[in-house]
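A structural walkthrough
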Amino acid sequence: HSPVTAVEAEKNFVKAFVEGGAPDDVREVSVKGNELLADVLVSEKMISSKSEFARLVEGGAIEIVGGEKIKNVKELARENVTYKIGKHRFLKTR
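Reading guide: rules and limits
- Residues numbered from 1 in each chain as written.
- Predicted model: local features only at pLDDT ≥ 70, side-chain atom pairs only at ≥ 80, totals over all residues.
- Heavy atoms only, no water.
- Pairing = 2+ DSSP bridges.
- Helix = DSSP H or I, 4+ residues; strand = E, 2+ residues; numbered from the N terminus.
- Axes fitted to C-alpha atoms, helices over the stretch in contact; angles between N-to-C directions.
- Contact = heavy atoms within 4.5 Å.
- Buried < 20%, exposed > 50% of the residue type's maximum accessible area, 1.4 Å probe, protein only.
- Arc of directions from axis to C-beta.
- Salt bridge = Lys/Arg side-chain N within 4 Å of Asp/Glu carboxyl O.
- Core = buried A, V, L, I, M, F, W, Y, C linked by side-chain atoms within 4.5 Å.

1. Here's the deal with the sheet that holds strand E2 (residues 62–64)
With respect to topology, 4 strands assemble into an open sheet ordered E1-E4-E3-E2, the strand pairing being mixed. The strands lining the two open edges of the sheet, one partner per strand, are strand E1 (27–29) and E2. The mean inter-strand angle of the sheet, taken between neighbouring strand axes irrespective of direction, is 25°. When strand E3 (residues 82–85) meets strand E4 (residues 89–93), the two strands line up antiparallel, connected through 4 bridges. Bridge pairing links Tyr83 to Leu91 in E4. On the sheet, helix H3 (residues 50–58) packs against E2, E3 and E4 and is oriented at approximately 70° with respect to E2.

Below you can see the structure in the form of structure tokens.
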């Protein structure tokens, strides 16, 4: 790995895990108007099932980066939002 790559990786790490933001290389997905967040995360293989989604919501492990935690298992996916799922998974909607 080159020194430039190492510096970029460090910046991404600090941004995502020290400052509470999201890394630059977040997967992006388009969402429809009234699509459930659980359906989006399952279809994108970010989680394995709606049951896992419910457990994560109950545990407070799904949140909007820079915003609130998702508390409703029937939450609709919002446009132009970056979600943090657990500690290391991110998904940006458009």
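2. Focus on H3
Side chains of residues three or four places apart in an α-helix project in the same direction, reflecting 3.6 residues per turn. Where H3 is concerned, the buried positions are Glu52, Phe53, Leu56 and Val57. The buried residues of H3 occupy one face: seen down the axis, they fall within an arc of 135°. In H3, the exposed positions that point more than 90 degrees away from the buried face belong to Arg55 and Glu58. Looking at the buried side of H3, the elements it contacts are helix H2 (37–43), E2, E3 and E4.

3. Overview of the pattern of salt bridges
Scanning the model with the defined rule gives 7 salt bridges in all. Taking the shortest distance from any N to any O, the salt bridge between Glu28 and Arg94 comes out at 3.1 Å. Here Glu28, found in strand E1, pairs with Arg94, found in the segment after E4; they are 66 residues apart in sequence, far enough to count as distant. According to the relative accessible area criterion, Arg94 is partly exposed, its value standing at 44%. Residues Arg78 and Glu68 are paired through a salt bridge, measuring 2.9 Å at the closest nitrogen-oxygen approach.

4. A look at the nonpolar core
Core analysis: the biggest nonpolar cluster contains 19 residues, and Leu37, Leu41, Phe53, Ile62 and Ile85 have the highest contact counts within it. Looking at this core, the elements that each hand over two or more residues are H2, H3, E2 and E3. With 4 residues, H2 is the single largest residue contributor to this core.

By themselves these figures say nothing about function.
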